[in-house]
Amino acid sequence: PVAMGTGFGAGLGLALASSAFIGGSFVLKKKGLLRLCGRARAGQGGHAYLREWLWWAGLLCMGVGEAANFAAYAFAPATLVTPLGALSVLVSAVLSSIFLNEQLNVHGKIGCILSILGSTVMVIHAPQEEEVSSLESMAEKLKDPGFIVFAVCVLVSSLLLIFVAGPRYGQSNVLVYVLVCSAIGSLSVSCVKGLGIALKELFSGKPVLKEPLGWVLLVCLVICISIQINYLNKALDIFNTSVVTPIYYVLFTTAVMMCSAILFKEWQHMVLDNIIGSISGFLTIVSGIFLLHAFRDMPFTPSLLPLFLQPGRADPHPPWSSADRHQSCQHQPLLPSEDKGSQSAEEEE
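The numbers attached to residues start from 1 for each chain and follow its sequence in the written order. Totals for whole chains, interfaces and linings use every residue, but because this is a predicted model, local features are given only for residues with pLDDT of at least 70 and side-chain atom pairs only at 80 or more, for both listing and counting. Excluded from the side-chain calculation are hydrogens and water; included are all heavy atoms of the structure.

- The name an unreviewed UniProt entry gives the protein chain is NIPA2 protein, with Nicator chloris as the organism.
- In the Subcellular location (unreviewed entry) part of its UniProt record, the protein chain is described as follows: "Membrane".
- UniProt positions are given in the numbering used here, feature names are shortened, and annotations may be inferred rather than shown by experiment. Looking at the protein chain in UniProt, the text filed under Sequence similarities (unreviewed entry) is "Belongs to the NIPA family."

1. Observations concerning the side chain of Ser-25
Next up, step 1: Relative to the elements of secondary structure, Ser-25 occurs in helix 1 (residues 6-34).
Next up, step 2: The classification of residues rests on relative accessible area computed with a 1.4 Å probe and restricted to protein chains. Under 20% of the type maximum is buried, over 50% is exposed, and intermediate values are partly exposed. Since its relative accessible area comes to 0%, Ser-25 is described here as buried.
Next up, step 3: Any pair of nitrogen or oxygen atoms within 3.5 Å is treated as a polar contact; in protein, a donor-acceptor pairing is required on top of that, and neighbouring residues in sequence qualify only through side-chain atoms on both sides. A polar contact of 2.5 Å, which involves the side chain of Ser-25, links it to the backbone oxygen of Ile-22.
Next up, step 4: Residue contacts are counted whenever heavy atoms from the two residues lie within 4.5 Å of one another. Ignoring any residue separated from it by four or fewer positions in sequence, one finds Ser-25 in contact with Gly-58, Cys-61 and Met-62. Helix and strand definitions follow DSSP, with helices as H or I runs of at least four residues and strands as E runs of at least two, each counted in order from the N terminus.

2. A few points about a nonpolar patch on the surface
Next up, step 1: Think of a patch as exposed residues, more than 30% relative accessible area, with no salt bridge, where like charges cluster within 9 Å and nonpolar side chains (Val, Leu, Ile, Met, Phe, Trp, Tyr) cluster within 5 Å. Per-residue and other accessible areas follow the Shrake-Rupley method at a 1.4 Å probe size, with only the shown protein chains counted as cover for residues. Just to be clear on terms, a salt bridge is a Lys or Arg side-chain nitrogen sitting within 4 Å of an Asp or Glu carboxyl oxygen. On the surface, a nonpolar cluster with roughly 650 Å² of combined accessible area is contributed by Ile-148, Val-152, Val-156, Leu-159, Leu-160, Phe-163 and Val-164.
Next up, step 2: On the secondary structure map, Leu-159 appears in helix 7 (residues 145-169).
Next up, step 3: Owing to a relative accessible area of 49%, Leu-159 belongs among the partly exposed residues under this scheme.

3. A look at the packing of helix 8 (residues 175-203) against helix 9 (residues 212-238)
Next up, step 1: An axis is simply a line fitted to the C-alpha atoms; with a helix, the fit covers only the stretch in contact. Between two such axes, the angle follows the N-to-C directions and lies from 0 to 180 degrees. Their axes nearest at 8 Å, the elements helix 8 and helix 9 cross at an angle of 155°. The angle between helix 8 and helix 9 places the two elements in the roughly antiparallel class. When you trace helix 8 past helix 9, the crossing you get is left-handed.
Next up, step 2: Under the convention adopted here, Pro, Cys and the residues Ala, Val, Leu, Ile, Met, Phe, Trp and Tyr are nonpolar, Asp, Glu, Lys and Arg are charged, and Gly plus all remaining residues are polar. In the contact of helix 8 with helix 9, the residues fall into 19 nonpolar, five polar and one charged. Roughly parallel means an angle under 35 degrees; roughly antiparallel, over 145; roughly perpendicular, 65 to 115; everything else is oblique. Should the near helix be turned counterclockwise from the far one by less than a right angle, the crossing is left-handed, whereas a clockwise turn marks it as right-handed.

4. A short note on the nonpolar core
Next up, step 1: To form a nonpolar core, buried Ala, Val, Leu, Ile, Met, Phe, Trp, Tyr and Cys residues must be joined to one another through side-chain atoms within 4.5 Å. The biggest cluster of nonpolar side chains holds 46 residues, and the ones touching the most others in it are Phe-26, Val-174, Val-178, Leu-187, Leu-232 and Val-244.
Next up, step 2: The element that contributes the greatest number of residues to this core is helix 10 (residues 241-264), accounting for ten residues.
Next up, step 3: When residues are assigned to domains, this core turns out to be shared by domain 1 (1-129) and domain 2 (130-265), each giving three or more.
Next up, step 4: Core analysis: the next-biggest nonpolar cluster, separate from the first, contains nine residues, Leu-135, Leu-195, Leu-213 and Leu-221 among them. Reported domain spans reflect what an automatic or database domain assignment gives.

In structure tokens, the structure reads:
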């Protein structure tokens, strides 16, 4: 049970503030990218957005949101903080419809809801990560063959997406650049956890600054974040924010959970209900992404609804009309259908 104290309230507030800042950061970045009239856009490999204050404001909001999210884990349990991160998707979608005039149809809204529900179910049934309390134990985790294979696969797939798939499909398929951000982001989260351990040891008085692992993690984190920012800007410049944000959230969360499961051996002691819950949550996320991505350009008008749900439209065939109410069985014809046909033929003759 979670203790409902001051720490819990602080963690809940930090998690909500993190979602608001991160969701708003996508809109600010998109607004700054749209102001690049006549200059090299991020989608064509330009970096003119670095001279837009709105883009820097979005980056600052994202930094504040990530810092608040990191601090929330110190006060509230992860099963509360992590699902609340999905609220940034809703914040981004609502702000995009207000400030960017981006329309999100019914299919997209249902896809967002399914993605959030699936992510929440996966987090609820996710196993607890193995405790890592020092840089020495973190170094042993990083040397694990499973994590090395995972890191190599991430790097190779990212290079293929950047240099092979990017020039061909980057302008038409939203998954190309978002997959690069998500894959590299899984490694950046591992670096953040390692640096968090280093900061704890530094505050406890240990000579962490002399350890080379901490500096290696810091350099890797800077490189990963730079790659994420670059390709996330390209995705935001080409596609709608309401499409990029949910897809990025789902793929990024999935990649991080896979990386954490391999690095911290989270799936070794899972029970059956957690396995079923994780699979169900993942399938729900896939369904939401399909609805959001496959039907994003399909207009949904009231004319597509059934007649009894359309506003201002009455049922053309009511089951109990006024004519039926005044008509009795005495007015019904007594002749069968064959006699009626023969009678009409005689009248014609």
